[in-house]
Amino acid sequence: MYRLLYLLPLLLLACEPEPAEVDTASFDRGKMLTFWADQIIVPAYQDFTAAARTLDASVNAYATAPEPTALATVRTDFATAYLSWQRLSPFMVGPGQQLRLREQLNVYPTDSSRLFAQSDADLTLPSNTDIQGFPALDLLLFGTGDPAQHVEQLQRLTDRILYLATEAEDAWTTTYRATYVANSGNSATASVDRTVNSFVQWYERNLRAGKVGIPAGVFGNGPLPDRAEALYSGDLSRALFLEGLDAASNFFDAELGLATYLDALGVRRDGDLLSTRIRAQFREARTQAASLDRDFATQVTTDNGGMLQLYDALQRNVILLKVDMLQALSINVDFVDADGD
Amino acid sequence: MIRTLPFLLLLGLLLTACQDDDDLPEPVLELPATYTFERAGMSTVSFDGQTTRIAMAEALVAALLDTTRSESDLLAMFRNAGPNGEDVSPFVDAALNASDKSLRSKVAASADYFSANATDATAIRTTFDSYPRRQASEVYPAWNTVAQAGQAGQVADGTSTRYVNAGGLEYNQAFAKSLLGALMLDQTLNNYLSPSVLDEARNRENQSAGVTEDGAAYTTMEHKWDEAYGYVFGASPTPATPLTSLGDDDSFLNEYLDRVDQDDDFSGIAEDVFRAFLRGRAAIVADDFTERDQQANRIQELLSRVIAVRATFYLARGSTALESANGPSAGFHALSEAYGFVYSLQFTRDPATGAPYFSRAEVGTMLDSLYGDYPTGFWAVEPATVRELGQQIADRFAFSYTAAAN
């Protein structure tokens, strides 16, 4: 009878997927968190806050003297700050999540009729996330006949961006950094779990779906050029995408990054290191994006096939990151698709 | 041989471990491939009244988020009548205004649960009246303010905006998810699928003799059964094959049957519900009332489970979100849905007892622990308390909390 006991585990496994059995405790997560905080996230905040401050100053200068050269400076500083945001957006843990930076800085398309009708709207209201941030600036700076007609609103919007950036950076550097680094366990509320969840969620929703899949019509009945990011400036959407993609692969491949973590645990898929496969997929997406128009709205109108190929390349890494990597690192997904009701 | 017997038993267990336990051989019954039944070339399937009420419910639920609506507008939509029963036209759709159907009259109105329980029925309808009223008087005036503990207004839910009362509850969600139980589920399980309704008066004799209703191709019993079907599938554009568009057809039983079906732990439940409706209807045509009642029992069990799984799902999601960095308000949307689904548990039906899986008193206690016990409602409830409620439901229905939560 006893020799039948060997069948018992089989019985228990019969309805369960194969569990990941890796000893995540053998890796020094605290050291990795210190690296993430000091070498990646806080520097990204510092860059972004500086860019937001420059933009705010140039908008103020434009308000004082609405000349074409001042407008050109505003537009350049807008692009610089928008690109800088792409390098910060993946890391919305702690203060960034609390202040809802992703929602308040980059929900698009902006609601143009409300943006114009309610120029003095209360920007702290959740219902006004789609009339502020970079998409609203994009419309005012590039989609109106004369941005000088909207200087006060431009000032309000850039003030708000600067305020949010400063608040979040201050919270990070004064108190949150220590909490973040110390919380090095591997529970659902531990820093590694939260950072990786923020990263994967951003990769899936903001990079893959927001920048590429939705304009390409993957979730609907055909291309939606008016859903492209930076619709009004026109030639910025691919650059914003590439900046985000680089942020993703740089984070993954950092000196003490997820690749290091996966390799230390010896995680392999079909004979290769998982990290190698993920890295190759980032490369493939970058190559594919390089062949596209600088304006994704133009791209989906003239040749949506190229955009769909980019989507497919990105989607392959969703599976490797969200399923294979999270399982190997024993991290549970803590975000879910919006309910839709 | 004796020594291999335990091995064989274990092997048998192994092989059946993942199978449904309801694949018993079924008696031969002529089953159409789709929900299509005819008499002398005429369709005998009809459920206009259900389709109409689902449409009214959709319109009212949408209107609860339209601040241009007045309290009396909203209540007129609920009653499809004025305060003194006068005719009103509160709907945008003229067909709904012209209809003599009403939502309110079918709330807590099933033969089995409420025909001799006017006390509870009245209390339940009063609760429903209070949601549109309070939405208009408490939430509409606070529409453009940020909610705080003890203060109505907006809360952020990802990129969505939700509108809550002073306790963090979305009245529109509480209303919609309670209506799903008090109207759609109660009418289906405790009225139209009940032998007391199906077998009323001379229904059995008329069924056997093929006596149809005046001016109709269907018998009374056939029609009653179809009215139950209509509360689940009546908004489908192809009601004979409703599974093709399941989940897209309404915001009530149809949608949530689909949501549960989409969860790998419960997949197949939609097909099971549809098949039971089909078999039960075919059994009526074949005069096999035992088979009919078995299928009715099956539907009662399965649709009750849908409510329980969704209640647990939203409790689990809400308890997690309460702990997020965004603060407790990130959990209010899920908790508001949970509030309605928990409320709806009192309209479920355990076929073994003919009573709800959770009594009205038990539901009241659960809603108090979730919301009512605290001056600031969801702002004050502990995530652990919310999880315990989910566990309580999962235990009663014998599914795992984790299975429902993911």
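Residues numbered from 1 in each chain as written. Chains lettered and ligands numbered in written order. Predicted model: local features only at pLDDT ≥ 70, side-chain atom pairs only at ≥ 80, totals over all residues.

Caption draft 1: Structural detail: the overall build of chain B. Looking only at helices and strands, chain B has 17 helices and four strands in total. For chain B, whose C-alpha radius of gyration is 22 Å, the value lies close to the compact-globule estimate of 22 Å for 406 residues. Structurally, chain B occupies a C-alpha span of about 70 × 65 × 40 Å along its principal axes. In chain B, buried positions account for 48% of the 406 residues. When contacts within chain B are restricted to residue pairs at least 6 apart in sequence, those whose partners lie at least 24 apart make up 65%. (Helix = DSSP H or I, 4+ residues; strand = E, 2+ residues; numbered from the N terminus. Rg over C-alpha atoms; globule rule 2.2 N^0.38 Å. Buried ≥ 20, exposed ≤ 12 C-beta atoms within 10 Å, placed from the backbone. Contact = placed C-beta atoms within 7 Å.)

Caption draft 2: Fine view of the overall build of chain A. Scanning chain A from terminus to terminus reveals 14 helices and two strands. The C-alpha radius of gyration computed for chain A amounts to 22 Å, which stays within 12% of the reference 20 Å derived for 341 residues, consistent with globular compactness. Expressed along its principal axes, the backbone C-alpha trace of chain A runs to roughly 90 × 50 × 40 Å. By residue count, 44% of the 341 residues in chain A fall in the buried class.

Caption draft 3: Region of interest: the domain arrangement of chain A. All names here are of chain A. On domain assignment, one finds that chain A holds domain 1 (26-184) and domain 2 (185-341). Listed as interface residues are 27 residues of domain 1 and, on the opposing side, 31 residues of domain 2. Those elements that provide at least two residues to the side of domain 1 that touches domain 2 are helix H2 (29-64), helix H3 (68-88) and helix H7 (133-142). In terms of residue count, H2 provides more of the side of domain 1 that touches domain 2 than any other element does, seven residues in total. For the side of domain 1 that touches domain 2, the per-class residue count stands at 18 nonpolar, five polar and four charged. (Domains from an automatic or database assignment. Nonpolar A, V, L, I, M, F, W, Y, C, P; charged D, E, K, R; others polar.)

Caption draft 4: Inspection of helix H12 (residues 269-285) of chain B at higher detail. All names here are of chain B. Across its 17 residues, H12 extends 25 Å between first and last C-alpha, which sits within 8% of the 24 Å expected from 1.5 Å per residue. Across the 17 residues of H12, 13 count as buried, placing the element largely inside the fold. Phi turns positive, to about 60°, at Asp287, one or two residues after H12. (Expected span 1.5 Å × (residues − 1).)

Caption draft 5: Fine view of the packing of helix H11 (residues 253-262) of chain B against H12 of chain B. Residue and element names in this part refer to chain B. Remark: H11 packs on H12, axes separated minimally by 8 Å, with the N-to-C direction vectors making an angle of 130°. Taken together, the axes of H11 and H12 are oblique relative to one another. Of H12, the residues touching H11 (which contributes Leu257, Asp258, Val260 and Asp261) are Ile269, Ala270 and Val273. Considered class by class, the residues forming the contact of H11 with H12 number five nonpolar, no polar and two charged. (Axes fitted to C-alpha atoms, helices over the stretch in contact; angles between N-to-C directions. Parallel < 35°, antiparallel > 145°, perpendicular 65-115°, else oblique.)

Caption draft 6: How the structure looks around the UniProt feature "domain: Imelysin-like" (unreviewed entry) in chain A. Within this structure's numbering, the places UniProt gives as "domain: Imelysin-like" (unreviewed entry) are residues 41-315 of chain A. Along residues 41-315 of chain A the backbone is 67% helical and 1% strand, and the end-to-end C-alpha distance reaches 25 Å. (UniProt positions renumbered as here; feature names shortened; annotations may be inferred.)

Caption draft 7: Just the nonpolar core, in detail. Counting 115 residues, the largest nonpolar core has Leu253, Val273, Ala311 and Val342 of chain B as its most contacted members. The biggest single contributor to this core is helix H13 (residues 289-322) of chain B, with 14 residues. Ignoring sequence-local partners within four residues, the contact set of Val273 of chain B consists of Val232, Leu257, Ile299, Leu302 and Leu303 of chain B. Among the nonpolar cores identified, the runner-up in size contains 88 residues, and Trp172, Ala247, Phe251 and Ala285 of chain A belong to it. (Core = buried A, V, L, I, M, F, W, Y, C linked by C-beta atoms within 7 Å.)

Caption draft 8: Local environment of the pairing of strand S4 (residues 160-164) of chain B. Residues and elements named next belong to chain B. Two elements, strand S3 (residues 153-157) and S4, share five bridges in a ladder whose sense is antiparallel. Note that in S4 the partner of Val155 across the bridge is Arg162. Counted along the chain from S3 to the antiparallel partner S4, the turn is two residues long, and its residue Gly158 has a positive phi close to 60°. (Pairing = 2+ DSSP bridges.)

Caption draft 9: Summary view of the confidence of the model for chain B. On average, residues of chain B score 93 in pLDDT, and 93% of them are at 70 or above. Model confidence for the complex is summarised by a pTM of 0.87, with the ipTM given as 0.80. (pLDDT = per-residue confidence, 0-100.)

Caption draft 10: Focus on the environment of Ala209 of chain B. Residues and elements named next belong to chain B. By the secondary structure assignment, Ala209 is in helix H9 (residues 203-209). With 10 C-beta atoms packed within 10 Å, Ala209 lands in the exposed category. It is 36 Å that separates the C-alpha atoms of Ala209 and Leu180, two residues lying 29 residues apart in sequence.

Caption draft 11: Fine view of the environment of Thr188 of chain B. Residues and elements named next belong to chain B. Within the element layout of this structure, Thr188 appears in helix H7 (residues 171-192). Since 27 C-beta atoms lie within 10 Å of it, Thr188 is described here as buried. As a C-alpha pair, Thr188 and Ala147 span 41 residues in sequence and 38 Å in three-dimensional space. Leaving out residues up to four positions away in the same chain, Thr188 has contacts with Leu193, Ala228, Tyr231, Val232 and Leu303.

Caption draft 12: Structural context of helix H2 (residues 48-63) of chain B. Here H2 of chain B contains 16 residues, and its C-alpha end-to-end distance of 23 Å stays within 8% of the 22 Å for a straight helix at 1.5 Å per residue. Of the surrounding secondary structure, the elements contacted by the buried residues of H2 of chain B are helix H3 (71-79), helix H4 (94-98), H7 and helix H10 (220-233) of chain B.

Caption draft 13: Quick peek at the confidence of the model for chain A. The pLDDT averaged across chain A works out to 92; a share of 91% of its residues lies at or above 70. Segment residues 1-21 of chain A: pLDDT under 50, and 17 contacts once partners within four positions in sequence are set aside and those in other chains are kept.

Caption draft 14: The arrangement of unusual backbone geometry in detail. For the peptide bond that leads from Tyr108 of chain A to Pro109 of chain A, omega is 0°, which places it in the cis range. Turning to its location among the elements, Pro109 of chain A is positioned in the loop between helix H5 (101-105) and helix H6 (112-117). Positive phi is not limited to glycine here, since Ala230 of chain A has a value of about 50°. Its place among the elements puts Ala230 of chain A in the loop between helix H9 (191-213) and helix H10 (237-252). Notably, Asn80 of chain B is not glycine yet its phi reads approximately 50°, a positive angle. Within the secondary structure, Asn80 of chain B is located in the loop between H3 and H4.

Caption draft 15: Expanded view of the packing of helix H6 (residues 118-139) of chain B against H7 of chain B. All names here are of chain B. Close contact between H6 and H7 brings their axes to 10 Å; oriented N to C, the two are set at 160°. The pairing of H6 with H7 is recorded here as roughly antiparallel in orientation. For H6 against H7, the interelement crossing comes out left-handed. Contact with H6, carried on its side by Ile124, Phe128, Tyr131, Arg134, Gln135 and Val139, involves Tyr171, Asn172, Ala174, Phe175, Ser178 and Ala182 of H7 and no other residues of that element. Of the residues assigned to the contact of H6 with H7, the class counts are eight nonpolar, three polar and one charged. (Left-handed = near helix turned anticlockwise from the far one by under 90°.)

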